[in-house]
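Residue-level listing of the chains:
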Amino acid sequence: MDNNTQNFNTFWSGQVPFVASFAVQQLRLWVSSNPWFTGQPYNDWFDLPRETLDSLQSDYQAQWAGLGQQLLTGQPFTFDDRRFASGNWSTPLFGSLAAFYLLNAGFLLKLLDELPIKDKKPRQRLLYLVEQAIAAGAPSNFLASNPDALQRVVDTRGGSLLTGLLHLASDLQEGKMRQCDSGAFKVGEDLASTPGEVVFENALFQLIQYHPQTETQYQRPVFIVPPSINKYYILDLRPDNSMVRHLLQQGHPVFLMSWRNFDQAHAGTTWDDLIENGIIKGLQVTREISGQQRLNCVGFCIGGTLLSSALAVLAARGDKAIASVSLLTTFLDYLDTGPIDIFVDEQLVAHRERTIGGIDGPIGLFKGEDMGNTFSLLRPNDLWWNYNVDKYLKGQKPNALDLLFWNNDSTNLPGPMYCWYLRHTYLQNDLKSGELDCCGVKLDLRAIDAPAYILATHDDHIVPWKSAYASTDLLSGTKRFVLGASGHIAGVINPPAREKRHYWTNDHLTQEPDTWFNNAEQHSGSWWNDWFTWLAEHAGEREASVPSAGNAQYPALEPAPGRYVMQ
């Protein structure tokens with residue numbers, strides 16, 4: 001070991017022991033000033049045993065000394081982290097910045113893991129705040145400490161800086177950080193292009209009836225309720241990955257609701273309005289046009305929650321004539337809401353009720369951009385800071401991905417509807433109670449007595465799969481539960497031709513989801529084929545397709561995708 005290395009290690013052996021205690025003190029100060037932790041007995045959280053602090057400090061010092069020696073001897077740095085994957089990060093200057101950043105980040109996360117915080121939500125909140133700070137503080141996020149961005153400035157003779165500023169100005173003007181360029185696709189041409197007609201509309205939605213794509217079709221239509229968050233065309237992207245088009249090619253007549261993007265004129269819309277004047281009305285019109293009373297109903301995400309609520313209301317009124325119900329990554333039992341749970345408490349919900357919900361206050365809108373940003377920040381390195389680096393520091397145009405384009409096409413929710421939903425699902429989880437009043441009856445999900453296909457996705461951070469599995473206890477008909485690979489969107493939109501991912505099935509439903517999974521069979525490819533087989537069993541006989549849309553009472557109003565999706 002040379003003299004420089006010995007001097008370096010000697011110096012830091014006298015300086016580093018305070019690091020763990022200092023970090024604990026800073027966390028304590030941070031928590032004490034954060035309203036998220038008001039009323040919490042947070043002082044006890046930081047009473048770490050001396051031996052734990054000594055162990056953390058010892059590990060930190062050893063790693064720090066090792067990195068210091070690597071820096072002093074000029075050894076190149078290598079990283080598994082994709083933020084620092086390029087060769088530009090191997091140099092002593094930039095490599096040491098990244099290496100010491102990762103060391104400090106890892107140390108903080110280890111420290112958090114040791115804190116004796118007994119309650120789950122405070123621990124999750126503190127971890128979220130620290131992870132946000134860690135993600136924001138990465139040297140890759142700043143021009144002066146990002147060698148890739150600096151190299152691009154040189155290569156483009158400063159052009160990347162100008163382009164980055166233009167990207168930033170455009171996003172500021174639009175009020176959101178776009179993950180896909182606004183001109184990358186055009187709805188109605190590149191996306192949502194499956195031929196059909198709008199056959200009904202009211203203040204809440206348009207109903208689209210799609211043209212058949214086979215000579216014969218099943219008797220019973222598929223009636224689809226998409227999420228009221230973002231636009232419906234997540235189910236009708238490009239021709240090769242459009243669920244709507246695939247259903248048509250299987251021979252299913254398809255009717256789909258297209259929710260309007262709510263503005264201030266419709267800000268007073270309630271949960272009951274969406275059930276009564278939205279889904280129940282859409283069901284009625286579909287029945288009258290098709291001549292079929294029994295429909296195969298499909299709901300995606302919150303669309304499945306709304307659909308199930310509507311079917312429960314109809315059942316309470318004596319109408320149980322449903323052929324089947326398919327729930328795709330849908331909450332009915334909000335027993336575990338995943339990372340989003342950290343934001344929800346009585347204080348937040350009451351604030352929303354006062355500010356936009358019309359309870360002792362004004363009626364307003366919950367902005368789609370706010371929800372989009374919240375979900376993106378749940379995965380800050382994958383859905384936030386990487387786009388800031390690529391767009392603003394490097395001046396690069398984001399990739400043209402249809403899923404990301406749809407993700408940025410957010411919609412607003414009416415304040416009263418949103419507040420009712422937030423309180424009775426995420427906060428109180430009493431949608432499943434059978435005691436809530438909805439549209440003049442008691443909302444009892446167990447009154448839905450129809451065959452059910454329940455899809456969850458293994459890596460879903462919006463609807464954790466075990467919560468989706470809990471729906472098997474709430475519905476009264478026969479049930480098939482299928483678990484797809486990947487996450488909330490990519491796991492659902494997975495056409496068979498791509499031969500990507502896999503899924504699990506197990507015909508024996510058990511009380512515990514882990515038991516179900518441990519005995520499940522894994523299949524390669526898309527879950528769509530399994531669903532198509534199941535759906536055909538409930539679709540009735542095949543008959544000659546009817547090329548015209550609507551009927552005398554409900555004539556075609558305009559071609560799909562209609563006006564509402566453009567708002």
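My aim in this report is to walk through the structure given alongside it, one point at a time. Worth saying up front: this structure is predicted, and the values here are computed from it rather than measured.

So, how was this worked out
Residues numbered from 1 in each chain as written. Predicted model: local features only at pLDDT ≥ 70, side-chain atom pairs only at ≥ 80, totals over all residues. Heavy atoms only, no water. Pairing = 2+ DSSP bridges. Helix = DSSP H or I, 4+ residues; strand = E, 2+ residues; numbered from the N terminus. Contact = heavy atoms within 4.5 Å. Axes fitted to C-alpha atoms, helices over the stretch in contact; angles between N-to-C directions. Expected span 1.5 Å × (residues − 1). Bend = angle between axes of the 7 residues up to and from the residue. Buried < 20%, exposed > 50% of the residue type's maximum accessible area, 1.4 Å probe, protein only. Core = buried A, V, L, I, M, F, W, Y, C linked by side-chain atoms within 4.5 Å. Parallel < 35°, antiparallel > 145°, perpendicular 65-115°, else oblique. Left-handed = near helix turned anticlockwise from the far one by under 90°. Nonpolar A, V, L, I, M, F, W, Y, C, P; charged D, E, K, R; others polar. 1 Å grid on protein atoms, 1.4 Å probe; cavity = no way out; pocket = protein on both sides within 12 Å on 5 of 7 lines; lining within 4 Å. Points joined across faces, edges and corners; volume = space filled by probe spheres on them. Phe/Tyr/Trp six-rings, centres within 6.5 Å; stacked < 30°, edge-to-face > 60°. Lys NZ or Arg CZ within 6 Å of the ring centre and 35° of its normal. Salt bridge = Lys/Arg side-chain N within 4 Å of Asp/Glu carboxyl O.

Strand order in the open sheet formed by 11 strands is β15-β14-β13-β12-β7-β6-β4-β5-β2-β1-β17, and the pairing between neighbours is mixed. The strands lining the two open edges of the sheet, one partner per strand, are β15 (521-524) and β17 (558-559). Inspection of the sheet shows strand β1 (residues 196-201) paired to β17 by two bridges, in the antiparallel sense. Looking across to β17, one finds that V198 is bridged to E558. Where helix α10 (residues 302-316) meets the sheet, its contacts fall on β4 (222-225), β5 (254-259), β6 (296-300) and β7 (324-328), and the angle it forms with β6 comes to roughly 140 degrees. Contacts from helix α19 (residues 528-536) reach β4, β6, β7, β12 (452-457), β13 (479-484) and β14 (502-505), with the element oriented near 165 degrees to β7.

It is worth spelling out helix α9 (residues 271-290) at this point. The terminal C-alpha atoms of α9, which comprises 20 residues, lie 27 Å apart, in line with the 28 Å expected from a rise of 1.5 Å per residue. Largest kink in α9: about 30 degrees, centred on K281. Taken together, the buried positions of α9 are occupied by W271, L274, I275, G278, I279, I280, G282, L283, V285, T286, R287 and I289. One or two residues past the end of α9 sits G291, with phi positive at roughly 75 degrees.

Core analysis: the largest hydrophobic core is formed by 119 residues, its most contacted members being L126, L207, F223, I275 and I279. No other element matches the 10 residues that helix α4 (residues 92-114) contributes to this core. With sequence-adjacent residues up to four places away left out, L207 is seen in contact with E197, V198, V199, F200, F223, F255, L256, M257, G282, V285 and T286.

The contact between helix α2 (residues 19-32) and α4 brings their axes to 11 Å, and the two run at 70 degrees. With respect to α4, the element α2 is oriented roughly perpendicular. α4 is crossed by α2, and the crossing has right-handed handedness. In contact with V19, A20, A23, V24 and L27 of α2, α4 contributes F107, L108, L111 and L112. For the contact of α2 with α4, the class distribution of residues is nine nonpolar, no polar and no charged.

Approximately 1200 Å³ is the volume found for the largest pocket. Lining the largest pocket we find 49 residues, and of these M371, T374, F375, S376 and I462 sit closest to its centre. When residues of the lining of the largest pocket are traced back to their parent elements, those giving at least two are α10, α11 (346-355), α12 (368-377), α13 (380-383), α15 (402-408) and α16 (415-427). Broken down by element, the lining of the largest pocket gets its largest block of residues, seven residues, from α12. Classifying every residue of the lining of the largest pocket by side-chain character gives 28 nonpolar, 15 polar and six charged. Roughly 460 Å³ of volume is contained in the second largest pocket. If you go around the second largest pocket, you meet 23 residues; those closest to its centre are R82, N386, Y387, D390 and K394.

Here the focus is the packing of aromatic side chains. Here the structure, examined in full by the defined rule, presents 38 aromatic pairs. Pairing F185 with F405 gives two aromatic rings, centres 5.6 Å apart and planes at 75 degrees, and the pair type is edge-to-face. You can see F185 sitting in the loop between α7 (159-174) and β1 and its partner F405 sitting in helix α15, a full 220 residues away along the chain. Its relative accessible area of 11% is what places F185 among the buried residues. Feature note: the residues F77, F79, F84, W89, F94 and Y101 constitute an aromatic cluster, connected by ring pairs. The ring centre of Y564 lies 4.7 Å from the NZ or CZ of R260, which sits over that ring.

A few words now on the pattern of salt bridges. For the coordinates displayed, the defined rule picks out 24 salt bridges. Of the charged contacts, one joins D54 and R50 as a salt bridge, the two residues approaching to 3.1 Å between their closest N and O atoms. With D54 and R50 both in helix α3 (residues 50-72) and four residues apart, the pair spans about one turn of that helix. The partner of R480 in a salt bridge is D530, and the shortest N-O contact between them spans 2.8 Å. With R480 in strand β13 and D530 in helix α19, the pair connects residues that are 50 residues apart, well separated along the chain. For the pair formed by R480 and D530, the shared burial category is buried. When salt bridges with common partners are traced through the structure, they connect R82, R379 and D382 into a single cluster.

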